[in-house]
Structures are given as C-alpha cells and as structure tokens.
Amino acid sequence: MTLLPKKRKLIWTSLLLATVLGYYFCLPSDLFPRPFSTVLKDRNGQLLSAAIASDGQWRFPSASVVPSKFAKALITFEDKRFLNHWGIDFLAMGRAIRQNILAGQVVSGGSTLTMQVIRLSGQGRKRNVWNKLTELLLSTRLEFRYTKDEILALYAAHAPFGGNVVGLEAACWRYFGRDPVDLSWSEAALLAVLPNNPSLINLSRNRQALMKKRNGLLVRLYQQGELDSLGLQLSLAEPVPASPIALPRKAPHLLSRSIREGLEGRQILSTLDAALQVRVNDMVHSWQEHMSGNQIFNSAALVMDVRTGAVLAYVGNTLAGVQHNEDVDMVRARRSTGSILKPFLYAAMLDEGKLLPAALVSDIPVVINGYEPKNFSRKYDGVIPADKALSHSLNIPAVQELREYRYEKFHRLLKSLGMSTLDNGPDHYGLSLVLGGAEGTLWDLTGMYASCSRMLLRYFEIPGKERYDPADIHPPVFQLQEISLEDGNGHRSVSSPLSAASIWSAWEALKEMRRPGEETGWYNFSSRQPIAWKTGTSFGMRDGWAIGVTPAYAVGVWAGNADGEGRPGLTGTEAAAPLMFNIFSVLPGQGWFSCPTSEMTRLGVCAQSGYKASANCETIDSVLVPYQGRSTQMCSFHQKLHLTKDHRFRVHADCANPGEMADANWFVLPPIQEYYFRQHHLDYKPLPPYRKGCADPAMVASMDIIYPRPLARVYLPVQLDGSPSAMVVQVTHRNESATVFWHLDGSYLGSTRGVHELPINPGSGDHTLTLVDSYGETMDRRFTVLSSK
C-alpha cells in the first residue's frame, strides 16, 4: 500500500515532465522553411537587383528590424495590445466570439499578431477548432522564444501582400519602388491593412475598399498622436498605386553570378556603389548604341577600388537584346587577351635587369621557329625605345622580350598575379602568350592591374625592409563582408612577383595619352587626371580591351560581340578606350603614385640608345631606373669611327695616315634595322662608306635581306591566267650608290642600284638566294616555296 502513492507520484511527475518537454519542443526550430528571393544590395543597403524565389514568390530574406511607421500602423490595425499580451488577447477573443454569434457567421477571428505568425508558418492547415487551439498553444511558445521585435519581423517577412508578393520589403519595392525605411505614413498604413485579406483587397481591384481601410487607419493613427493634422491631410491625399512595378535591374549579371556561386536565396550586401553603378550602366549602354552602327553589340565594364579590391561597379553586358546574347556575363567570359598582358612582361624584364625603360628594342619582321608575329599596323620602326614600344603596343618587341625572358617564367608570373584561366602548360601557349594566345577574363585582368597598383601604393605604408604583403595580390571582391582593411595575415616579404620600382616604371610608360589607332591613325585622348592605361585587340578584331589605373581606381572595359564575330574597327583603342576614359571622367582624381626611390638608382644612360652609357656615347642622361638596371649591357650602338677630315668616308690605319684621319662617335644600326628606322627618322645619319682603296678590316655587314626571312616557307598562289605568282625579294644596303648582284641557285638574275627589290619566280622546293655587292660583300639566304601550281 505504501508503494502506490510513490508510483502515482512518479507517474504524475513523468506526465508533467513530458508535458513540459512537449511544450518546449512543440515549436519547430525553423518556422518558415521556404525559399527566399536572392537580393543584391549596394554597400549602403540600396536594392540593385533581385531574383524571384524558386517557388515563384517575391519573398525577400527576413530583416531584423521593422520600420517604426509600419510597426505602429500594423499594431494599431491588427493587435493594439500586442506589446502587453503573451500571444493571446482574451479581450479580443471575447469580442470576436460575441460579434460572430450576433452575425451568425465568422466575421472576426480575434487573432493576435503572434497567432497570425503561427498561422502563416502552417500554410495549408485547415481552419477548424483543433487547429485554432494548436495556434493558441504555439503562440504562447513563440512568445517565450522570441522578443516582440523579432515576432514583428517574422510577420513582416512572411505576410502576404497580394499576388505573389510576400513580405514587407518585397511589397515596398513592388508597390512603391523604395526601401521600407523610406515609407510614408500613407504607404505604411496601406501595407498594414493589405495582408488582412490580400486575395480580396489588392491594388488592381476593390481599390475603394482598400483606400477606405487605409484612410480609417490613418485617422486612428492621427487620434493616437502619430500624425498631426497636416500630416493626416497629406497622407489621405496620397493615391493608391495602380499596379505593381518592376524591381530594379541595376546589376543583373552580378546577381546571376551570385546565384551560380551558391548565394541563392540570400541577401547579398555587395561592395557596389548604387549611384556609380547606375552611371556606368548608362555609359555602357550609350556606348553600345554608338558601337551598334558597326555591328558591335556587347560591352562590359568593371570599376574597382585599388586599395581594397572592392568592386564599385559591375556591368556584365549591354541591353543588346536576347538575339545579341545580353544575358552573357562578359566580365567573366573567357576571351583572347590581345596585348593587355604586355605591361607585366615589361615590368618583369626591368626586374631582372634585362631592360632599361627607354632602351632600344628591335622592331623588324622576324620568324621564330615557324612563328611569325606581326605588328598590328604591319609597319615597323627598326628600333624603338622599350617604353614607347609598350605604350604603342608593338608586337615584335614584346615577342623578342618574351623570348629572352622565357615564356615558362612569364606563365608562372601571370598565375602568381591572379590569372586563373591558364589551364594549359606554358608550351601550349609559347611566345603567343603575350599576344593573345591565352584567354583571360575582364575580372582577372582588371584585378591583376589593381593588385600591382595596390602593391605599389602600400609599399610606402609598410615600414622596414619587408615592404611587401602577399595578401595585396588578390582577385576583385564584390561581397562587403569579404573586404578587409587589415594588413593581411601579418606575413611580410622583401620581394613580390613584381617590384614596386618595375610597376612604377611600367605605369609611367603607360601614362602617355597619344596612342596609335590601329585603323585610323593616332588618337589623342584627354584626362583631367594621370592614368596608366593599356589597350588590347585580339586576332581577327574580335575583342577590344582597355584597362586603366590610378592610385584610387582601376577601370576595365571589354567591347566586342559575345558570339565572337569580328568587326572592322573592333580594337582596344577605338572600341574600348573611349568608354574607359568616360568612366574615369566621373571618378574623383587622386594624384599619382609616389616613386619608390629606395628600389631605384641613378644611372648614366645614353640619350640616344637608352642603354648604360659607354665611352662612345655623345650625350649622357642621368636617369632613375630600377636597381637591377645596373646589370644591363652597355650601349653598343655608338662606335668610334676613323673618318676623313670631311667626314665623308671611313678610313683606317692600313690605308690612311693619322694626320688624314678624324675620330667621331657614330650611332650605328644593323642594316635591316636601319632600313626601317630611316623611314621614320629622316635625321638618321647612315654609316659613311669606306674611301676607295680602303677595305673593311672588320667586315661590318653593310647589307641585309628584308624578305624572305631565314628558312622562310613561302606559298605562291597561281594567278588567274594560270601562271605562277612572283615573289618580290627585298634587300637593304647602307651605301645608296652600291650595286647588288642577284643569284638564285647559282644562276645570275640581274643587278639593282639604289632600291634593291627584284621579282623572282623560283618554283616549288628549296632555294638559295646569293647576293654580292660592288664591294665584294656576299650574303646567302635559304628559303622554301611550298607551291607554285
């Protein structure tokens, strides 16, 4: 008998514990397991673009704070004792029961906002007594788990606002085109009454009933002291919107990219600046309208903050229509890079002491293991300062530099700077790597220019010898939460992929505003701030690039057709650079990069050749160059000559007495470089010939063959009359009065004087061209004709 009370007590205790546990766990951990729209906002929270949720509803991710106007209007209209009850308002329920009995039907539910949250979370439940009791129980549990503000936020995020619009924020943008914090009292009141019966009262029908409810709520708010009389009059006068409006589409391509990168259903606070984004959008679309006259339909632009790497504007494409692939994000599309990578090679050559900024580099036709690069203009300078070759985007000097630097090292350098599209090994690209043989994206390339600028900028901010932070090299960032102004992980280095001195020298070379237009002569651009900028054009005129940097901003532009169609005039200078400068014109200026003098040295440089001055150089400049420049070679272009007193002829000790000779330092180019150089420099003084009776003891070459190049493989098509085409052989000679005698495969062809060009019909197979000038100098050139039939 004594055990019975104990058992009974244990049973009651167990039942009580089960009840408590059941009550504690009766509320699901996730009340609303429903998909959300993907929402993209700018750095200040302004809506840029949004994508509808997977269930077809406009349902924005929940906000933690409900605007005060909407909260007051909602509480006044739906649940005036919301702040004081525990989920159930017994006075409201009693009133509802009395009204329903008197009316003979359900005319009032007596539900609190807490109960409505529970009902919204259980969409699909039938409305009966059992479910009503369940809502009462869960409402009390909801009050224990959440604060009043959190419950309001749950209601605001999931209340229906008519059609497929769910939640306050979606409703604000769909009906008023603004953020909830900017709601007027009239708009807040309208949205407070709308969920009361959204299927019956919406913006397209029963507008009078909706306005009546809104105005009634406004009067109540006035009576509570929330509005003054003038505010009430103005609010009552506001019209009800006629229909939903389209959501902003200011950054649709970045929104799509965010979804592809796993951010679907989230609110993305981006680094973009809404005002700048709109302005750049307008510029890109206006430029596309201009370019569409030439059947160029697509453009993209990226604006970055150099210091942080934050993307400030992201325009993935123009409004060119579906027929012109406007949905393709050209910021992320892989395209041939053209010449846009040349500055990195130039800087790398400076870093290794293989080049000085203004050193003369060769610019003549070449064939390297069957690879025959050409300048875009098909013109050649013979020799040209390296910095001019870079700003003029000449291909031959770049290939020659890469040949010396090694394309394997350049491949590694590009990857270390952030180029993620080099999927193949260095041998796959070879020397074409610097001329568009690889594909890149506007995202990577603009990021690489920005990273180099960031290294140069922060070089002066990090004290001591270890002035480089590896974390400064990183791709662009578009999520605000990923931006860091800290100094990386604290690791420092005395070096980086490119030194500050070489980057500064490259950016200095790219400040020139006058650039060659590939189709229409020279272009003179203007800018109110100094900009280091580079263009690129892919083979076949399929892509035009322009990327520029200042200490504050990096701007990248691509222009072309998304389907890869090439067009005349589709070049970096003509199709992309003007848009880049237009974008820079709306960005604030910030001076120029400081010179990293601690990594540089003063060097005596030959004013004419740009190399370290030798004893034969006439004019020597003191130039600030990267420290490694001390190891570059001496000037070999200036030679000491023994001339006759009138400087007309060369002589030497074997054919002239010392008293007959005058010494002079002479700028001398090899014959083929001289041939092209003289076409652009009329003041060039060719090497004087030897006086009659004075042979050349050093046998310095006076003659060279311009075409064909060594071991060239020449294709000769058949003409319309069936006869084989002739090939025109070109030769250059220092002495304009020299006669050149031509021989092909041992057979004499003829002679030329002055202009040395001769058409020949060699026939298929291997051939040897032999030239002998009137001074006895001989030159052979072997070549192969592939076909003459």
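Bear in mind the structure is a predicted one, so any value in this text is a computation, not a measurement.

About the thresholds
Residues numbered from 1 in each chain as written. Predicted model: local features only at pLDDT ≥ 70, side-chain atom pairs only at ≥ 80, totals over all residues. Heavy atoms only, no water. Helix = DSSP H or I, 4+ residues; strand = E, 2+ residues; numbered from the N terminus. Buried < 20%, exposed > 50% of the residue type's maximum accessible area, 1.4 Å probe, protein only. Contact = heavy atoms within 4.5 Å. Areas by Shrake-Rupley, 256 points an atom, 1.4 Å probe, with all protein chains shown as cover. Pairing = 2+ DSSP bridges. Axes fitted to C-alpha atoms, helices over the stretch in contact; angles between N-to-C directions. Disulfide = S-S within 2.5 Å. Core = buried A, V, L, I, M, F, W, Y, C linked by side-chain atoms within 4.5 Å. 1 Å grid on protein atoms, 1.4 Å probe; cavity = no way out; pocket = protein on both sides within 12 Å on 5 of 7 lines; lining within 4 Å. Points joined across faces, edges and corners; volume = space filled by probe spheres on them. Nonpolar A, V, L, I, M, F, W, Y, C, P; charged D, E, K, R; others polar. Lys, Arg positive; Asp, Glu negative; His and termini not counted. Salt bridge = Lys/Arg side-chain N within 4 Å of Asp/Glu carboxyl O. Polar contact = N/O pair within 3.5 Å; in protein donor to acceptor, adjacent residues only side chain to side chain. Parallel < 35°, antiparallel > 145°, perpendicular 65-115°, else oblique. Left-handed = near helix turned anticlockwise from the far one by under 90°. Phe/Tyr/Trp six-rings, centres within 6.5 Å; stacked < 30°, edge-to-face > 60°. Lys NZ or Arg CZ within 6 Å of the ring centre and 35° of its normal.

Peer 1: Got a minute to help me understand the overall build of the chain in this structure?
Peer 2: The helix and strand inventory of the chain stands at 21 helices and 28 strands. Across the 789 residues of the chain, 54% fall into the buried class. For the chain, long-range pairs separated by at least 24 residues make up 67% of all intrachain contacts whose partners lie at least 6 apart in sequence. Of the roughly 36,500 Å² that the chain leaves accessible, carbon and sulfur atoms contribute 54%.

Peer 1: I'm lost on the sheet that holds strand β21 (residues 703-707) in this one. Help?
Peer 2: Pairing between the strands of a sheet is mediated by backbone hydrogen bonds and can be parallel or antiparallel. In spatial order, the strands read β21-β23-β26; together these 3 strands make up an open sheet with antiparallel pairing. Taken across any chain shown, the strands that pair with only one partner, and hence form the sheet edges, are β21 and β26 (756-760). Between one strand and the next, the sheet's axes are offset by a mean angle of 25°, whatever the strand orientation. Across the sheet, helix α21 (residues 671-680) lies against β21 and β23 (727-733), angled at about 65° from β21, the strand it touches most.

Peer 1: What is the right way to read the state of the cysteines from this model?
Peer 2: Every disulfide links exactly two cysteines, by a covalent bond between their sulfur atoms. This structure, assessed with the given rule, holds 1 disulfide. The disulfide that involves Cys655 links it to Cys694, with 1.7 Å between the sulfurs. On the sign convention where negative is left-handed, the bridge of Cys655 and Cys694, at about 105° about the S-S bond, is right-handed. Taken together, the residues Cys655 in the loop between β19 (638-644) and β20 (661-667) and Cys694 in the loop between α21 and β21 connect sequence positions 39 residues apart. Classification of Cys694 as buried rests on a relative accessible area of 9%. Here Cys606 stays free of any disulfide, with the sulfur of Cys617 as its closest cysteine sulfur at 3.2 Å.

Peer 1: Mind showing me how you'd approach the sheet that holds strand β5 (residues 267-269) here?
Peer 2: Strand order in the open sheet formed by 3 strands is β2-β1-β5, with mixed pairing between adjacent strands. The sheet is open, and its two borders are formed by β2 (47-51) and β5, each paired with just one other strand. Each neighbouring strand pair of the sheet contributes to a mean axis angle of 15°, computed without reference to strand direction. Looking at chain direction, strand β1 (residues 38-41) and β5 are connected through 3 bridges and run parallel. Following the sheet pairing, Val39 is matched in β5 by Gln267.

Peer 1: I keep staring at the nonpolar core and nothing clicks. Help me out?
Peer 2: Grouped together as the largest cluster of nonpolar side chains are 110 residues, with contacts concentrated most on Leu341, Phe344, Phe410, Leu414, Leu417, Leu498 and Trp507. Sorting elements by how many residues they give to this core places helix α18 (residues 442-458) first, with 10 residues. Here Leu417 is in contact with Phe344, Met448, Cys452, Met455, Ile473, Pro497 and Leu498, once residues within four sequence places are set aside. Leu27, Ala50, Val165 and Ala170 belong to the second-largest nonpolar core, a separate cluster that totals 54 residues.

Peer 1: Would you mind showing me how to read helix α15 (residues 395-405) here?
Peer 2: In an α-helix, one turn spans 3.6 residues; hence positions three or four apart end up facing the same way. Taking burial as the measure, the 11 residues of α15 include 8 buried ones, the bulk of the element. Of the positions making up α15, those classed as buried are Asn395, Ile396, Pro397, Ala398, Val399, Glu401, Leu402 and Tyr405. Those residues of α15 that are buried lie in contact with α13 (342-351), β9 (360-363), β10 (382-385), α14 (386-391) and α16 (407-416).

Peer 1: I tried to follow empty space enclosed by the protein on my own but got confused; where do I start?
Peer 2: A water-sized probe rolled over the atoms picks out the places where empty space is left. In total, this model carries 1 cavity of 30 Å³ or more according to the counting rule given. When its volume is computed, the largest cavity comes out at roughly 70 Å³. Residue assignment for the lining of the largest cavity shows that the elements contributing at least two residues are α13, α14 and α15. When grouped by side-chain class, the residues that make up the lining of the largest cavity number 7 nonpolar, no polar and 2 charged.

Peer 1: What is the right way to look at the side chain of Glu78 in this model?
Peer 2: Among the secondary structure elements, Glu78 is positioned in helix α2 (residues 68-78). For the buried Glu78, no salt bridge exists, and the shortest N-O distance to an oppositely charged side chain is 6.9 Å, to Arg119. Of the polar contacts made by the side chain of Glu78, one reaches the side chain of Gln116; its length is 3.0 Å. Those residues in contact with Glu78 that sit more than four places away from it in its chain are Ser111, Leu113, Gln116, Tyr155, Ala192 and Asn196.

Peer 1: Explain the pattern of salt bridges to me, please; I cannot follow it from the model alone.
Peer 2: Where side chains of opposite charge bring their charged atoms close, a pairing between them can arise. Counted under the stated rule, the structure contains 22 salt bridges. The salt bridge involving Glu187 is made with Arg178; its shortest N-O contact spans 2.3 Å. Take Glu187: its relative accessible area is 10%, and that puts it in the buried class. On the basis of relative accessible area, Arg178 is assigned to the partly exposed category, the value being 28%. By sharing partners, the salt bridges in this structure join Arg307, Arg458, Glu461, Asp469 and Asp472 into a single network.

Peer 1: What is the right way to read the packing of α13 against α15 from this model?
Peer 2: Packed helices, taken two at a time, are described by their axes: the angle between them and the distance between them. Taken N-terminus to C-terminus, the directions of α13 and α15 make an angle of 50°; their axes are 10 Å apart at the nearest point. The angle between the axes of α13 and α15 places the two elements in the oblique class. Here the hand of the crossing between α13 and α15 comes out left-handed. Touching Lys342, Leu345, Tyr346, Ala348 and Met349 of α13 are Asn395, Ala398, Glu401, Leu402, Glu404 and Tyr405, all from α15. For the contact of α13 with α15, the class distribution of residues is 7 nonpolar, 1 polar and 3 charged.

Peer 1: What should I look at first to understand α2 in this one?
Peer 2: Residues Phe70, Ala71, Ala73, Leu74, Ile75, Thr76 and Glu78 constitute the buried set of α2. In this structure, the buried side of α2 is in contact with α4 (113-121), α6 (148-158), α7 (168-175), α8 (185-193) and α9 (207-223).

Peer 1: Looking at this model, I keep getting lost on the packing of aromatic side chains. Mind explaining?
Peer 2: Each pair of aromatic rings is reported with the distance of its centres and the angle of its planes. On inspection of all chains with the given rule, the structure shows 16 aromatic pairs. Summarising the aromatic geometry, the rings of Trp86 and Phe144 are spaced 5.5 Å apart at their centres and angled 35° between planes, so their arrangement reads as tilted. Of the two residues, Trp86 sits in the loop between α2 and α3 (90-103) while Phe144 sits in helix α5 (residues 129-145), which places them 58 residues apart along the sequence. Summarising the burial analysis for this pair, Trp86 and Phe144 share the class exposed. Summarising the aromatic geometry, the rings of Phe344 and Tyr449 are spaced 5.1 Å apart at their centres and angled 70° between planes, so their arrangement reads as edge-to-face. Of the two residues, Phe344 sits in helix α13 while Tyr449 sits in helix α18, which places them 105 residues apart along the sequence. The lysine or arginine in question, Lys148, covers the ring of Phe82, its NZ or CZ lying 4.5 Å from the ring centre.

Peer 1: When you look at unusual backbone geometry in this model, what are you seeing that I'm missing?
Peer 2: With glycine set apart, most residues show a phi of negative sign, and most peptide bonds adopt trans. For the peptide bond that leads from Tyr707 to Pro708, omega is 5°, which places it in the cis range. Positionally, Pro708 belongs in the loop between β21 and β22 (712-715). Unusually for a residue other than glycine, Ser393 sits at a positive phi of about 55°. If you check the backbone angles, Arg406 has positive phi at about 90° while not being a glycine.

Peer 1: Which parts of the structure should I look at to understand the pairing of strand β14 (residues 532-537)?
Peer 2: Consecutive side chains of a regular strand alternate in pointing toward one face of the sheet and then the other. With 6 of 6 residues buried, β14 is to be regarded as a mostly interior element. Hairpin connection, β14 to strand β15 (residues 543-549): the antiparallel pair is bridged by 5 residues, and Gly540 has positive phi, about 80°.

Peer 1: What am I meant to see in the pairing of β9 here?
Peer 2: Alternating positions in β9 separate into two faces, Leu360 and Ser362 on one and Val361 and Asp363 on the other, with burial throughout. The pairing of β9 with β10 spans 4 bridges and is classified as antiparallel. Bridge pairing in β10 places Asp363 opposite Gly382.

Peer 1: In this structure, what is going on with the side chain of Thr308? I would like to understand it.
Peer 2: Here Thr308 shows up in the loop between β6 (298-305) and β7 (311-315). Within the local environment of Thr308, its side chain forms a polar contact with the side chain of Asp305, the two groups lying 2.9 Å apart.

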